[in-house]
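Notes for the structure review
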Amino acid sequence: MKRRIVAALAAVGLCTAALVGGAPAAFADGVPGAPYVELGDSEAAGTGNLPYADPDCLRSEKSYPAVLAGALGTPFVSAACSGATTADVLGQVAQLATTGGIGPATTLVTLTAGINNLGWQQVLLACSQDGGALACQQAMAGAQAAAGQLPGELGALLGAIRMAAPNALIAVTDYPLLFGQETGSCSVGAFQGTPVKLGADQVALVNGSLAQLSSVIQSTVAAYSQTTGDPGVRLVSVIPGLTGHGLCDTGDRWISGLVSGTKTFARSLHPNTAGQQAYAQIIRGGLPM
C-alpha cells in the first residue's frame, strides 16, 4: 500500500514540457510585449482545471494568470507549461521574445518555477519503500544537490526575464504546502480505486521539502534584488494565504487530491479552481497600488 501511494504521488508531478505557440506580435502602438506575461510550470498553467487553452501544456482557462488578468482588466500571454524546469522557462522567455509576446510594453511578469528542478517526486518514491534507506538517502542527496544549484539557475532566469521585459514588475511566487498541518493519517483521494491515506511522516516529508524550496526561492529573489539593485523583482508568497486549505486541513480544500481518469489525473495535487483564484488574489494583493 505504501509503495502504491507514493508511486501515485510521483506520477502526478511531471508532464512533458512544451513552449507556447505563436503570440501576438505587438499589443500597444506597435511595441512588442503583452502587458502581462505568465511564465512557469503546472502551478502557473492551472493544470488539472478543465477546459485547457493548450492541451499539450495542460494550460487551463481557469489558471491564476487568466483570473488575475481578468481582475486587472488587461490582456495577457501565458507560456506556462506543466513539467517545466527553470531551463524550460528560459526557453519560454526566448520564444516569447522572438514572437513579440514579451518586450518593452510588458509591465507585469509573474513566475512560478523551481519545483521540477528537484525531482521531489522521486524522493517520495524512494523514501516510501520499506527497507530502502540507502535509496532514500541517495534520492535526498540528489534533491539537496539540485537545490544547491537552484539559486544560480533561478537568478539567471530572473536576469533573462529582466532583459526581455525591461519595464516589468517581476512577481515570483513560491509553492503552497500541499498537506497542511496534520499529526495523524490524512485521506488524500484515491489511486486506481484504492483510497489513499498518508501518515504524519509522509506529510512532514512533503511539506518540509516544499517549505525548504520556498525558502530557497525567497532568498534567491532577495539576493538577486540586492546584487543587481533591481527594485522591480519581488517575492509574493502564497503559503500564508493558502494556509488552512491543504489536503489535510479542516477548511475548504484548495488543493485537489488524487483522482483517477485519463482526462482528470493531472488534477492530482494541484490547486483547484478555488486555489487558482486564491493565487490570483494573493498576487494582486502583492502588487503596488
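Owing to the predicted nature of the structure, the values given are computational and were not obtained by experimental measurement.

To continue, consider the environment of Ser237. Assignment of secondary structure puts Ser237 in the loop between β9 (233-236) and α8 (239-242). A relative accessible area of 29% places Ser237 in the partly exposed class. Distance in space between the C-alpha atoms of Ser237 and Gln218 is 8.3 Å, their sequence separation being 19 residues. In this structure, Ser237 is in contact with Asp174 and Ile282, ignoring residues within four places of it in sequence. Polar side-chain contacts of Ser237 include one of 2.7 Å to the side chain of Asp174. At a separation of 3.4 Å, a polar atom in the side chain of Ser237 contacts the main-chain amide nitrogen of Ile239.

When the sulfur atoms of two cysteines share a covalent bond, that bond is a disulfide. Under the definition given, this model contains 2 disulfides. For Cys186, the disulfide goes to Cys248, at an S-S distance of 2.0 Å. Judged by the sign of its S-S torsion, about -105 degrees, the cystine formed by Cys186 and Cys248 is left-handed. Residue Cys186 is found in strand β7 (residues 186-191), and its partner Cys248 is found in the loop between α8 and α9 (273-285); the two are separated by 62 residues along the sequence.

This part covers the nonpolar core. By size, the foremost hydrophobic cluster in this structure holds 49 residues, and its most contacted members are Leu39, Val109, Leu111, Ile161, Val172, Phe179 and Val188. The set of elements that each furnish at least two residues to this core consists of β1 (36-40), α4 (86-99), β5 (108-112), α6 (133-164), β6 (169-173), β7, β8 (194-198) and α7 (200-228). Beyond its immediate stretch of four places on either side in the chain, Val109 contacts Val37, Leu39, Ile102, Ile161, Ala165, Ala168, Leu169, Ile170 and Ala171. In this structure, Ala44, Leu108, Leu242 and Ala278 belong to the second largest nonpolar core, which totals 20 residues.

So, about the pairing of β8. A regular strand places its side chains so that they alternate between the two faces of the sheet. Taken together, the 4 bridges between β7 and β8 define a ladder with antiparallel strand orientation. Along β8, the bridge assignment pairs Ser187 with Lys197. Hairpin connection, β7 to β8: the antiparallel pair is bridged by 2 residues, and Gln192 has positive phi, about 55 degrees.

The next thing to look at is the packing of aromatic side chains. Enumeration over the complete set of coordinates arrives at 2 aromatic pairs. Here Tyr64 and Tyr279 contribute two aromatic rings whose centre-to-centre distance is 5.0 Å and whose plane-to-plane angle is 10 degrees, an arrangement assigned as stacked. Of this pair, Tyr64 sits in helix α3 (residues 64-72) while Tyr279 sits in helix α9; the two residues are 215 residues apart in sequence, bridging distant segments of the chain. Looking at Tyr279, the relative accessible area reads 0%, which means it is buried.

Along the chain, Asn117 turns up in the loop between β5 and α5 (120-128). By relative accessible area, which is 18% here, Asn117 ends up buried. Within the structure, Asn117 has its side chain in polar contact with the side chain of Thr86 (distance 2.8 Å). For Asn117, the residues in contact, after removing those within four places along its chain, are Thr85, Thr86, Ala146, Leu150 and Glu153.

Mapped onto the elements of the fold, Ala147 is located in helix α6. Non-local contacts of Ala147, meaning those with residues more than four positions away in its chain, are made with Leu118 and Val216.

Here we take up the sheet that holds strand β4 (residues 76-78). One open sheet accounts for 5 strands, arranged β4-β1-β5-β6-β9; its pairing is parallel. Edge positions in the open sheet fall to β4 and β9, since each of these has one partner strand only. For this sheet, the mean inter-axis angle between neighbouring strands, taken without regard to orientation, is 20 degrees. Pairing geometry for β1 and β5, over 5 bridges, is parallel. For Tyr36, the partnering residue across the bridge sits in β5 and is Leu108. Along the sheet, α4 contacts β1, β4 and β5; its crossing angle with β1, the most-contacted strand, is approximately 150 degrees.

Scoring rules and cut-offs
Residues take numbers from 1 onward in each chain, read along the sequence in its written order. Local features in this predicted model are restricted to residues whose pLDDT is 70 or higher, and side-chain atom pairs enter the listing and the counts only when it is 80 or higher, whereas totals over whole chains, interfaces and linings include all residues. Hydrogens are left out, water is left out, and the side-chain values use all remaining heavy atoms of the structure. The helix and strand labels rest on DSSP assignments: H or I over at least four residues marks a helix, E over at least two residues marks a strand, and numbering proceeds from the N terminus. The classification of residues rests on relative accessible area computed with a 1.4 Å probe and restricted to protein chains. Under 20% of the type maximum is buried, over 50% is exposed, and intermediate values are partly exposed. Should any heavy atoms of two residues lie within 4.5 Å, those residues are counted as being in contact. Between N or O atoms, a polar contact is any pair within 3.5 Å; within protein, one atom must be a potential hydrogen donor and the other a potential acceptor, and residues adjacent in sequence are included only when both atoms are from side chains. Sulfur atoms of two cysteines make up a disulfide when they are within 2.5 Å. Nonpolar core, defined: a set of buried Ala, Val, Leu, Ile, Met, Phe, Trp, Tyr and Cys residues in which side-chain atoms within 4.5 Å join the residues together. By this definition, two strands are paired if DSSP reports at least two bridges between them. For Phe, Tyr and Trp, rings pair up if their centres lie within 6.5 Å, where Trp contributes its six-membered ring, and each pair is then called stacked (planes under 30 degrees apart), edge-to-face (over 60) or tilted (otherwise). For helices, the fitted axis covers only the stretch in contact; all axes are lines through C-alpha atoms, and the angles between them, taken along N-to-C directions, range from 0 to 180 degrees.

It is worth stressing that arrangement in space is one thing and function is another; only the former is reported here.
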